[in-house]
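Here are the chains, one letter per residue:
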Amino acid sequence: MGRVGARRACLLACALLWCSAALAQVDLNSASEAQLDGIRGVGPATTRRILAERERQPFKDWADLVARVRGIGRTNAANFSAQGFTVNGQPYPGAREAGHAAEK
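The present account deals with the structure reproduced in this document. (Residues numbered from 1 in each chain as written. Predicted model: local features only at pLDDT ≥ 70, side-chain atom pairs only at ≥ 80, totals over all residues. Heavy atoms only, no water.)

Some points on the pattern of salt bridges
Pairing is possible between side chains that carry opposite charge, provided their charged atoms lie close to one another. Test applied: When a carboxyl oxygen of Asp or Glu is within 4 Å of a side-chain nitrogen of Lys or Arg, the pair counts as a salt bridge. Here a helix means four or more residues in a row that DSSP labels H or I, a strand means two or more in a row labelled E, and each is numbered from the N terminus. Exposure is judged per residue with a 1.4 Å probe applied to protein chains only, and the accessible area is read against the type maximum: over 50% gives exposed, under 20% gives buried, and values in between give partly exposed.
This structure, assessed with the given rule, holds three salt bridges. Arg68 is the partner of Glu53 in a salt bridge, and the nearest nitrogen-oxygen pair spans 3.0 Å. Taken together, the residues Glu53 in helix α3 (residues 44-56) and Arg68 in helix α4 (residues 62-68) connect sequence positions 15 residues apart. Neither residue differs from the other here; Glu53 and Arg68 are each classed as buried. With a shortest N-O distance of 2.8 Å, Arg68 and Asp64 are connected by a salt bridge. Of this pair, Arg68 and Asp64 both sit in helix α4, separated by four residues, roughly a single helical turn. Accessibility assignment for this pair places Arg68 and Asp64 in one class, buried.

In structure tokens form, the structure reads like this:
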């Protein structure tokens, strides 16, 4: 394999690694503080509220998260889910539609 071929193979490997990381789902019941801070629309105060509520008791579902964490409503929950976050492995109902609406 020549120099150009090796460079292309390296770029392809990097692109595949990035895509798999971007598509990985993270559950809000196990997300680290850094992962929570990485959610678009979540600031440090909301991260602290999520962690505090989760410490009291893990979230049962998205409705439980929305009810217990001040500042997170249905729209935010749908946006978080569209970014790859789940609650107990489940995406927010209607997250796909919210993601498409945000793109328009």
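Structural notes on α3
Definition in use: A helix is expected to reach a length of 1.5 Å times the quantity of its residues less one. This arc describes the spread of directions from the helix axis toward the C-beta atoms. In this analysis, two residues are considered to be in contact whenever any of their non-hydrogen atoms come within 4.5 Å of each other.
Its 13 residues give α3 an end-to-end C-alpha distance of 19 Å, which sits within 8% of 18 Å, the value for a rise of 1.5 Å per residue. Restricting attention to buried positions, one finds in α3 the residues Thr46, Thr47, Ile50, Glu53 and Arg54. Take α3 and look down its axis: the buried residues cluster within an arc of 135°, on one side only. Turned more than 90 degrees from where α3 packs its buried face, Pro44, Arg48, Glu55 and Arg56 sit exposed. Contacts made by the buried residues of α3 are with α2 (33-37) and α4.

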